[in-house]
Amino acid sequence: MIYRENGQFKTTYAADQQIFTIAQDKWFVLGLIAFAFIGVPMLADEYMFRAILIPFLILSLAALGVNLLVGYCGQITLGAGAFMAIGAYAAYNFMIRVDGVPLVAALLLGGATTAALGIIFGIPSLRVRGLYLAVATLAAQFFCDWAFLRLGWFTNYSPSGSVSISNLSAFGWAIDSPVEKYLFCLLFLVAFAFFAKNLTRASIGRQWMAIRDMDVAAEVIGIRPMWAKLSAFAVSSFFIGVAGALWGFVHLGSWEPAAFSVDRSFQLLFMVIIGGLGSIMGSFFGAAFIVIMPIFLNQALPALGSLFGIAISTAGVAHAEFIIFGSLIVFFLIVEPHGLARLWAIAKEKLRLWPFPH
Amino acid sequence: MSRKIGDVILDLQNISLRFGGVKALTDISFDIREHEVRAIIGPNGAGKSSMLNVINGVYHPQEGKIFYRGEERRKMEPHMAASTGIARTFQNIALFKGMSVLDNIMTGRNLKMKTNILLQALWLGPAQKEEIEHRRKVEEIIDFLEIQHIRKTPVGRLPYGLQKRVDLGRALAMEPQILLLDEPMAGMNVEEKQDMCRFILDVNDQFGTTIVLIEHDMGVVMDISDRVVVLDYGKKIGDGVPDEVRSNPEVIKAYLGAGH
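Residues numbered from 1 in each chain as written. Chains lettered and ligands numbered in written order. Predicted model: local features only at pLDDT ≥ 70, side-chain atom pairs only at ≥ 80, totals over all residues.

With an unreviewed UniProt entry as reference, chain B is termed ABC transporter ATP-binding protein, source organism Azonexus hydrophilus.

The following block contains the structure:
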């Protein structure tokens, strides 16, 4: 009954082209953002920030980038982990080699470097597609794993290959405590989600989706496939690169190449598939599902066991976690192949009509 | 009729197209005049769709020359043909399935949208202004095709006849000089065919768009086209006004067999 759009008339095209055309949606999301900025810092404890919220924010940002490429432009990638690594190491090198470069500038320069390399690794997409492209992007992953491990320059010749960044501060704001780190990541995420949404509703987003849905027809109406695909690789890599830099700088603090292994690439791809390909909202759902679900299972299973008087061993919990997590993924993909975002959209459609069926 | 048929806009000379050893088109020449409705007919496999693909740059003929507005056209990619004002619809609907009707037609405006990617990301003044400006144009096309009620519907959910109409709308959004229609009426019932004929004639009449049409329904072809070219096994066997073509013995042979 509350979720109604009755009486919300749009009299201009500008009003019809807003991000949220239904007022309730707009207030809900604005409320959510306000809560994330004000409410969460008051409620959550340090463990929540470190283990759940900060990884969730950063991986959402990366998933957003992957979704732009895979979900909107239809170019599958298995190199997302590598692009995160490029972002992190590039930002690190800007930080230590250029005197007085501000933190935010280093992060964005890391993203820009990733975008440039993303274009190079995106070139095979002009010739191959589907699974073959996935294998080609896997090359980026192996190349980066090798380069950051073997070429000392990138890690400033640190003997163990691990690098670290300390004393983060931006615009005179020292980012030390978990709350501050959380807010810093949140600022990035909100801004980038806004950019992503704008791109997908503008001309460039339509070009990407046209290439995804029917590339021959897209070319015939005047879309240059090279421009559309490579711009998608560039923008997507920029997002992933910034997320990688945040992951290294803010979340880990010190890291080695193994932090961005091929596992990370798969994890990001799963996030967008489970969350919903071609949906901004879906990126958040997917990231939330993959970050929070294992932790939730880890906590809930022993509790559930003790409820029935069964003590589950730590190893047992770990194994059960994998089994349940895997079957949940399969379950969601069967129930709704278009991801959690589609379930969300269906729920909203139903709610608009509720309590009348028609 | 108020429209006037003008000079030759597209002149195809001795076009031959081969795929390996298969000859799709052999030494075909014909021309298309400005503002006319030009039909290409022929039995299945005659090379009609290949001919359209040659015109809009999807296929590159091994031999022959194409003159567009009197200038010889270099080998070109489809998106370049599009930027010179050649639009087309497809035999098997090739809409962007995941997008709404509105977005599909907006995509047709792509060549005319100029703001850069950075402005689009920030949704700043010029990007928003451009979006609204083109939205206005697209709404005119939506009105013209009488599809206002489905503008926000994903095209995948639409029935076949309406999808064909959206396909036409997307091509019209390019404001083309030449519009290539590949079997726009295939699989439609009589009412839908009548609607489609009306739209095609209105486009030709109101916007002066030159139309090249492939169609199997002879009634439609003879009614709405100014001149007809007939292909069979990749060769041209007839060319002229509908009455001429209808009485051409070669054409009758190709369609009905030698006995008649």
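Having put the structure on the table, let's press on.
*Asks:* Is there a simple way to think about the overall build of chain A in this case?
*Replies:* Helices and strands together make up the secondary structure of chain A, namely 14 helices and four strands. For 358 residues, the compact-globule estimate of 2.2 N^0.38 gives 21 Å, and chain A sits close to it at 21 Å. Each principal axis of the C-alpha atoms in chain A carries an extent, and together these give about 70 × 65 × 45 Å. By residue count, 43% of the 358 residues in chain A fall in the buried class. For chain A, the share of sequence-separated contacts (at least 6 apart) that also reach a separation of at least 24 residues comes to 76%. (Helix = DSSP H or I, 4+ residues; strand = E, 2+ residues; numbered from the N terminus. Rg over C-alpha atoms; globule rule 2.2 N^0.38 Å. Buried ≥ 20, exposed ≤ 12 C-beta atoms within 10 Å, placed from the backbone. Contact = placed C-beta atoms within 7 Å.)

*Asks:* Looking at this structure, I do not really get the overall build of chain B. What am I missing?
*Replies:* Along its length, chain B carries 10 helices and 10 strands. Relative to the globule expectation of 18 Å for 260 residues, the C-alpha radius of gyration of chain B, 19 Å, shows essentially globular dimensions. Principal-axis analysis of the C-alpha atoms gives chain B an extent of 65 × 40 × 40 Å. Burial status across chain B gives 40% buried among its 260 residues. Taking contacts inside chain B between residues at least 6 apart in sequence as the whole, the part at least 24 apart equals 69%.

*Asks:* Whenever I open this one, the interface of chain A and chain B confuses me. Can you help?
*Replies:* Interfaces are often sized by the amount of accessible area the parts lose when they come together. Taken residue by residue, the interface counts 25 residues in chain A and 34 residues in chain B. Of all elements in the fold, only helix H1 (13–16), helix H7 (178–201), helix H8 (203–213) and helix H9 (215–220) of chain A reach the threshold of two or more residues within the side of chain A that touches chain B. Per-element tally for the side of chain A that touches chain B: the top contributor is H8 of chain A, with seven residues. Its residues placed into classes, the side of chain A that touches chain B shows 14 nonpolar, seven polar and four charged. (Nonpolar A, V, L, I, M, F, W, Y, C, P; charged D, E, K, R; others polar.)

*Asks:* Sorry if this is basic, but what is going on with the domain arrangement of chain B here?
*Replies:* Residues and elements named next belong to chain B. You can read the domains of chain B as domain 1 (1–85 + 176–260) and domain 2 (95–173). Put simply, the middle of domain 1 and the middle of domain 2, counted by C-alpha atoms, are 27 Å apart. Each partner contributes residues to the interface: domain 1 has 11 residues there, and domain 2 has eight residues. Within the residue set of the side of domain 1 that touches domain 2, elements represented by two or more residues are helix H2 (78–83) and helix H7 (190–207). If one sorts the elements of the side of domain 1 that touches domain 2 by residue count, H7 sits on top with four residues. Across the side of domain 1 that touches domain 2, the residue classes break down as eight nonpolar, two polar and one charged. (Domains from an automatic or database assignment.)

*Asks:* Can you walk me through the nonpolar core in this structure?
*Replies:* Soluble globular proteins tend to bury their nonpolar side chains together. Ranked by internal contacts, the top residues of the largest apolar core, which has 161 residues, are Leu-61, Ala-62 and Leu-246 of chain A. Once residues within four sequence positions are removed from consideration, Leu-246 of chain A is found in contact with Ile-58, Leu-107, Cys-185, Phe-188 and His-251 of chain A. (Core = buried A, V, L, I, M, F, W, Y, C linked by C-beta atoms within 7 Å.)

*Asks:* Explain the sheet that holds strand S8 (residues 210–214) of chain B to me, please; I cannot follow it from the model alone.
*Replies:* Whenever strands of a sheet pair, they do so through backbone hydrogen bonds, lying parallel or antiparallel. All names here are of chain B. Strand order in the open sheet made by the six strands is S6-S7-S8-S3-S9-S10, with mixed pairing throughout. What marks the edges here is a single partner per strand, and that holds for strand S6 (86–88) and strand S10 (235–240). Averaged over all pairs of adjacent strands, the angle between strand axes in this sheet comes to 20°, irrespective of strand direction. Inspection of the sheet shows strand S3 (residues 37–41) paired to strand S9 (residues 227–232) by four bridges, in the parallel sense. Considered in S9, the bridge of Arg-38 is made with Arg-227. Sitting on the sheet, helix H1 (residues 48–55) is in contact with S3, S6, strand S7 (178–182), S8 and S9, with an inclination near 150° to S7. (Pairing = 2+ DSSP bridges. Axes fitted to C-alpha atoms, helices over the stretch in contact; angles between N-to-C directions.)

*Asks:* Honestly, the packing of helix H2 (residues 23–43) of chain A against H7 of chain A in this entry has me stumped. Any pointers?
*Replies:* When two helices pack together, their arrangement is captured by the angle between the axes and the distance separating the axes. Residues and elements named next belong to chain A. Where H2 contacts H7, the two axes come as close as 11 Å, and the packing angle between them is 175°. In this view, H2 runs roughly antiparallel relative to H7, as classed from their interaxial angle. Of the residues in H7, those in contact with Ile-33, Ala-36, Phe-37 and Pro-41 of H2 are Val-179, Tyr-182, Leu-183, Leu-186 and Val-190. Tallied by class, the residues present in the contact of H2 with H7 amount to nine nonpolar, no polar and no charged. (Parallel < 35°, antiparallel > 145°, perpendicular 65-115°, else oblique.)

*Asks:* Would you take a moment to explain unusual backbone geometry for this structure?
*Replies:* Backbone geometry follows two general trends: most residues other than glycine have a negative phi, and most peptide bonds adopt the trans configuration. Residues and elements named next belong to chain B. With a phi angle near 50°, Asn-14 is a residue other than glycine that sits in the positive phi range. Its place among the elements puts Asn-14 in strand S1 (residues 8–19). Backbone geometry places Tyr-233, a non-glycine residue, at a positive phi of 50°. Relative to the helices and strands, Tyr-233 is located in the loop between S9 and S10. The exposure class assigned to Tyr-233 is partly exposed, which follows from the 15 C-beta atoms found within 10 Å.

*Asks:* Looking at this model, I keep getting lost on the confidence of the model for chain B. Mind explaining?
*Replies:* When pLDDT is low, close inspection of the predicted coordinates is not appropriate. On average, residues of chain B score 89 in pLDDT, and 98% of them reach the 70 mark or higher. In the predicted complex, the global pTM is 0.89; the interface-specific ipTM is 0.88. (pLDDT = per-residue confidence, 0-100.)

*Asks:* When you look at the sheet that holds strand S4 (residues 63–68) of chain B in this model, what are you seeing that I'm missing?
*Replies:* Residue and element names in this part refer to chain B. Taken together, the four strands give an open sheet; going across it, the order is S2-S1-S4-S5, and neighbouring strands pair in antiparallel fashion. Looking at which strands have only one partner, the edges of the open sheet turn out to be strand S2 (22–33) and strand S5 (71–72). Strand direction decides the pairing type here: S4 and S5, joined by two bridges, are antiparallel. When the bridges of S5 are listed, Phe-67 appears paired with Glu-72.

*Asks:* Can you walk me through the pairing of S9 of chain B in this structure?
*Replies:* Residues in a regular strand project their side chains so that they alternate between the two faces of the sheet. All names here are of chain B. One ladder, built from five bridges, connects S9 with S10; its direction is antiparallel. The residue of S10 that forms the bridge with Leu-231 is Lys-236. Connecting the antiparallel pair S9 and S10 is a turn made up of two residues, with Tyr-233 showing a positive phi of about 50°.

*Asks:* How should I be thinking about the pairing of S4 of chain B in this particular structure?
*Replies:* Residue and element names in this part refer to chain B. Pairing of S1 with S4, which is carried by five bridges, proceeds in the antiparallel orientation. Counterpart to Asp-11 in the pairing with S4 is Phe-67. Two successive antiparallel strands, S4 and S5, enclose a turn made up of two residues, where Arg-69 displays a positive phi of approximately 50°.

*Asks:* Help me understand helix H3 (residues 46–72) of chain A, please; the structure alone is not making it clear to me.
*Replies:* Spacing of three or four residues puts side chains on the same side of an α-helix, whose turn is 3.6 residues. Taking 1.5 Å per residue, 27 residues should reach 39 Å; H3 of chain A reaches 36 Å between its end C-alpha atoms and fits that length. Extensive coverage of H3 of chain A is indicated by the burial of 20 of its 27 residues. (Expected span 1.5 Å × (residues − 1).)

*Asks:* What should I look at first to understand the environment of Ser-29 of chain B in this one?
*Replies:* All names here are of chain B. Here Ser-29 shows up in strand S2. Put simply, Ser-29 and Leu-122 are 93 residues apart on the chain and 51 Å apart in space, counted from C-alpha to C-alpha. Ignoring anything within four residues of it in the chain, the contact list for Ser-29 reads Leu-12, Gln-13 and Asn-14.

*Asks:* What should I look at first to understand the packing of helix H12 (residues 280–307) of chain A against helix H13 (residues 314–335) of chain A in this one?
*Replies:* Residue and element names in this part refer to chain A. At a closest axis distance of 9 Å, the pairing of H12 and H13 adopts a crossing angle of 130°. For the element pair H12 / H13, the angle class is oblique. Judged by the twist between their axes, the crossing of H12 over H13 is right-handed. In this structure, H12 uses Met-293, Pro-294, Leu-297, Asn-298, Leu-301 and Pro-302 to contact H13, whose residues at the interface are Val-317, Ala-320, Glu-321, Ile-324, Phe-325 and Leu-328. Among the residues forming the contact of H12 with H13, the class breakdown is 10 nonpolar, one polar and one charged. (Left-handed = near helix turned anticlockwise from the far one by under 90°.)

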